[in-house]
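# Examining the three-dimensional arrangement
Below, each chain spelled out in residue letters.
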Amino acid sequence: MEHILVRTNGSQANQATALRNRELFEMANITVINLMSAPGAGKTSLLEATIPGLRGWYEVAVIEGDSETELDAERIRALGVPSHQINTGKVSHLDALVINSALTEFPVQGVDLLVIENVGNLICPAYYDLGEKLRLVVCSAVDGSDAPKKYPMMFRRADAIVVNKVDLAASGGAEVAELRRNLREANTTAPIFGVSCRTGVGLGAWLGWMRNAVARRDVLVATNA
Ligand SMILES: Nc1nc2c(ncn2[C@@H]2O[C@H](COP(=O)(O)OP(=O)(O)OP(=O)(O)O)[C@@H](O)[C@H]2O)c(=O)[nH]1
Ligand SMILES: [Mg+2]
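Residues numbered from 1 in each chain as written. Chains lettered and ligands numbered in written order. Predicted model: local features only at pLDDT ≥ 70, side-chain atom pairs only at ≥ 80, totals over all residues. Heavy atoms only, no water.

### Some points on the coordination of the magnesium ion (ligand 2)
- For the magnesium ion (ligand 2), every protein donor is listed as Thr44 (OG1), Asp72 (OD) and Glu117 (OE), and the spread of their distances is 2.0 to 2.2 Å.
- Here the donor residues of the magnesium ion (ligand 2) are spaced in sequence according to T-x27-D-x44-E. In this pair, threonine 44 is assigned in helix α2 (residues 43-50) and aspartate 72 in helix α3 (residues 71-77), connecting sequence segments 28 residues apart. One exposure class covers both threonine 44 and aspartate 72, and it is buried. (Donors = N, O, S within 2.8 Å, 3.2 Å for Na, K, Ca; no water. Helix = DSSP H or I, 4+ residues; strand = E, 2+ residues; numbered from the N terminus. Buried < 20%, exposed > 50% of the residue type's maximum accessible area, 1.4 Å probe, protein only.)

This is the structure in structure tokens:
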């Protein structure tokens, strides 16, 4: 028997706080990205590979979400970029209130791009709006091709999708081709980038998208000014 649990956008309270966060970020002219994936797909590695290419373009800050440890925030700080670690304990996602509270300890004035690396999980983070502008989903090229079918909400609302670890995929990669087909089925519009954070393959095109994602907002603000 099939049980379907329907929950959209976490709770109403979360949604109200997310709207407040979004207003706050828009007023401060900060582009906010909610970065999500299954554990270990390469979210922090992608930041490590991307942030040096944004130097001189944008002021970047990163909020890290993990059940425990400060490890990911330390990796980001090693790049010379401010980072704040949130430990969620038994909770498998960040929510809008946690982000709102973090901003009192981690001021982001003067930042152009705030990346929020969510807890590694393909279910819960999909349902909690943090007040972000863009949703970025990373998936590993070597974790099979079924994730977009099993966890469609995560992929459906993504603004961009990065298939990471292509260096590990068998040459020709029938499974990666199937993964891409399933991603496209779940999300008909988001650009899909194949990259390796280890070898650097594909990172140029990806970096172009990132630079443009932040710049687009600047253009919009300039146009409205
Ligand atoms: N071969 C290969 N390994 C990679 C690549 N990207 C990341 N890794 C490795 O994958 C492991 C997990 O990478 P992380 O960047 O920590 O993954 P994450 O998604 O941030 O993990 P959590 O924050 O724990 O969910 C590390 O050992 C990385 O070195 C890649 O492109 N190729
Ligand atoms: Mg990480």
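### Quick word on the packing of helix α1 (residues 12-27) against helix α4 (residues 96-105)
- In the contact formed by α1 and α4, the axes pass within 8 Å of each other and the chain directions differ by 40 degrees. The angle between α1 and α4 falls in the class oblique. In the packing of α1 onto α4, the handedness of the crossing is left-handed. Contacts between α1 and α4 involve Asn14, Thr17, Ala18, Asn21, Leu24 and Phe25 from the former and Ala96, Leu97, Ile99, Asn100 and Leu103 from the latter.
- Residues that form the contact of α1 with α4 fall into these classes: seven nonpolar, four polar and no charged. (Axes fitted to C-alpha atoms, helices over the stretch in contact; angles between N-to-C directions. Parallel < 35°, antiparallel > 145°, perpendicular 65-115°, else oblique. Left-handed = near helix turned anticlockwise from the far one by under 90°. Contact = heavy atoms within 4.5 Å. Nonpolar A, V, L, I, M, F, W, Y, C, P; charged D, E, K, R; others polar.)

### Some thoughts on the sheet that holds strand β3 (residues 83-87)
- If you trace the seven strands from one edge of the open sheet to the other, you get β3-β2-β4-β1-β5-β6-β7, paired in parallel fashion. What marks the edges here is a single partner per strand, and that holds for β3 and β7 (192-194). This sheet shows a mean twist of 20 degrees between the axes of neighbouring strands, independent of strand direction.
- Contacting β1 (31-36), β2 (60-66), β4 (113-117), β5 (134-140) and β6 (160-164), α2 runs over the sheet at an angle of about 155 degrees to β4.
- Strands in contact with α4 are β2, β3 and β4; relative to β3, the strand with the most contacts, it is inclined by about 135 degrees. (Pairing = 2+ DSSP bridges.)

### Things to note about unusual backbone geometry
- With a phi angle near 60 degrees, asparagine 29 is a residue other than glycine that sits in the positive phi range.
- Structurally, asparagine 29 is set in the loop between α1 and β1.
- At lysine 165, a residue that is not glycine, the phi angle is positive and equals roughly 65 degrees.
- With respect to the element layout, lysine 165 can be found in the loop between β6 and α7 (174-186).

### Some words on the side chain of threonine 50
- Of note, threonine 50 is situated in helix α2.
- Under the relative-accessibility criterion, threonine 50 is labelled buried at 3%.
- Look past the residues within four positions of threonine 50 in its chain and what remains in contact with it is Trp206, Leu207 and Met210.

### Observations concerning the pairing of β3
- Among the five residues in β3, four count as buried, and that is most of the element.
- Note on the crossover from β2 through α3 to β3: the handedness is right-handed. (Right-handed = clockwise from strand over helix to strand, strands pointing away.)

### Regarding the environment of glutamine 12
- Take glutamine 12: it is sitting in helix α1.
- We classify glutamine 12 as exposed; its relative accessible area is 75%.
- When the C-alpha positions of glutamine 12 and serine 83 are compared, they lie 29 Å apart, and in sequence the two are 71 residues distant.

### What to know about the side chain of asparagine 164
- Following the sequence through the fold, asparagine 164 ends up in strand β6.
- Exposure remark for asparagine 164: the relative accessible area of 3% places this residue in the buried category.
- Only 3.0 Å separates the side chain of asparagine 164 from the backbone oxygen of alanine 41, close enough to count as a polar contact.
- Other than its neighbours up to four places away in sequence, asparagine 164 contacts Ala41, Gly42, Val138, Cys139, Ser140, Ala141, Val195, Ser196 and Cys197. (Polar contact = N/O pair within 3.5 Å; in protein donor to acceptor, adjacent residues only side chain to side chain.)

### Side note on the site of ligand 1
- Among the 20 residues in the neighbourhood of ligand 1, the closest are listed as Lys43, Thr44, Ser45, Asp167 and Cys197.
- In this structure, cysteine 197 approaches ligand 1 through a main-chain N or O atom, which is 2.8 Å from an oxygen atom.
- Of all elements in the fold, only α2 and α3 reach the threshold of two or more residues within the shell around ligand 1.
- If you tally residues by element for the shell around ligand 1, the top one is α2, at three residues.
- Of the residues assigned to the shell around ligand 1, the class counts are four nonpolar, eight polar and eight charged. (Near = heavy atom within 4 Å.)

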